Amino acid sequence: GAGVSQSPRYKVAKRGQDVALRCDPISGHVSLFWYQQALGQGPEFLTYFQNEAQLDKSGLPSDRFFAERPEGSVSTLKIQRTQQEDSAVYLCASSLGAGVVYNEQFFGPGTRLTVL
Amino acid sequence: AQSVTQLGSHVSVSEGALVLLRCNYSSSVPPYLFWYVQYPNQGLQLLLKYTSAATLVKGINGFEAEFKKSETSFHLTKPSAHMSDAAEYFCAVSGGINDMRFGAGTRLTVKP
């Protein structure tokens, strides 16, 4: 398909485990965003990449969260030593150019992380 | 800083009735405003956006929204609800560049 894909779709982790969430953006899209969506809430910004450069990581809640996009395409969000408060849906979005106003973000279906 | 407040976490309408989903914004700069729809097990999809051109913005699936600066509002409407409109709707605001803040969402239920 031509859309944004994320894997796994569902992840259950025991508290303290490390997890890695993958995002495959639309081919050729320069910008890539990660959001965290807690139950009953809207998405909250985590981090932004322009190609391989992580230009904004101000939304990452702690140093346990790390994201990378080494070749400017696929991105991985890693959470170390997961905690129960990390349980949420993690959304990835990509856009053709830079800037959210004139470049539509296309969202993936998300990865639902449950930490027991 | 920018933020949006969506009034009503759940809205229920009958098929064929008017849909009105409320969104108020707060912004220290001229805002850019968006409405997204999220169907179950799917990603968010852009319905429409306001970028300081026309204050009445038309989007996909028959939805439209009007930017009212005096009321700091950007309510989403559709004249006649369809069963397929049942979904979660999110209002969002951006001050530009890559910053986007979403509201908590409104779940729309359409009754036959």
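Anything mentioned here points back to the structure above.
Residues numbered from 1 in each chain as written. Chains lettered and ligands numbered in written order. Predicted model: local features only at pLDDT ≥ 70, side-chain atom pairs only at ≥ 80, totals over all residues. Heavy atoms only, no water.

Student: Talk me through the sheet that holds strand E8 (residues 75-79) of chain A; I want residue IDs and the actual numbers.
Tutor: All names here are of chain A. The strand order across the open sheet built from four strands is E1-E3-E8-E7, with neighbouring strands paired in antiparallel fashion. At either end of the open sheet lies a strand with only one pairing partner, and these are strand E1 (5-7) and strand E7 (65-68). If you compare each strand with its neighbour and ignore which way they point, the axes differ by 15 degrees on average. As paired elements, E7 and E8 share four bridges and run antiparallel to each other. Looking at E8, one finds that Phe65 is bridged to Ile79. (Pairing = 2+ DSSP bridges. Helix = DSSP H or I, 4+ residues; strand = E, 2+ residues; numbered from the N terminus. Axes fitted to C-alpha atoms, helices over the stretch in contact; angles between N-to-C directions.)

Student: Describe the nonpolar core, with residues and values.
Tutor: It is characteristic of soluble globular proteins that their nonpolar side chains tend to be buried jointly. Residue and element names in this part refer to chain B. Judged by nonpolar contacts, the single largest core of 27 residues is most densely connected at Trp35, Leu48, Phe74, Leu76 and Tyr89. Only strand E2 (10-14), strand E3 (19-27), strand E4 (32-38), strand E5 (45-50), strand E7 (64-68), strand E8 (73-78), strand E9 (87-96) and strand E11 (106-111) provide two or more residues apiece to this core. Discounting chain neighbours no more than four positions away, the residues touching Phe74 are Cys23, Leu33, Phe34, Trp35, Leu48, Tyr50, Val57, Ala65, Glu66 and Phe67. (Core = buried A, V, L, I, M, F, W, Y, C linked by side-chain atoms within 4.5 Å. Buried < 20%, exposed > 50% of the residue type's maximum accessible area, 1.4 Å probe, protein only. Contact = heavy atoms within 4.5 Å.)

Student: Can you break down the packing of aromatic side chains residue by residue, with the values?
Tutor: Centre-to-centre distance and the angle between the planes together describe a pair of aromatic rings. Under the criterion given, the structure shown has 15 aromatic pairs over all chains. Ring centres 6.3 Å apart and planes at 80 degrees place the aromatic pair Tyr35 of chain A and Phe45 of chain A in the edge-to-face group. Of this pair, Tyr35 of chain A sits in strand E4 (residues 31-37) while Phe45 of chain A is found in strand E5 (residues 44-50), placing the two residues ten residues apart along the sequence. You'll find Tyr35 of chain A and Phe45 of chain A in the same group, each marked buried. An angle of 20 degrees between the planes, with centres 5.7 Å apart, marks the rings of Tyr25 of chain B and Phe67 of chain B as stacked. Remark: Phe67 of chain B occurs in strand E7 and Tyr25 of chain B occurs in strand E3; sequence separation between them is 42 residues. Grouped by ring-pair contacts, the aromatic residues Phe33, Tyr35, Phe45, Tyr48 and Phe107 of chain A together with Phe34, Tyr36 and Phe102 of chain B constitute a single cluster. (Phe/Tyr/Trp six-rings, centres within 6.5 Å; stacked < 30°, edge-to-face > 60°.)

Read these as geometric descriptors, not functional statements.
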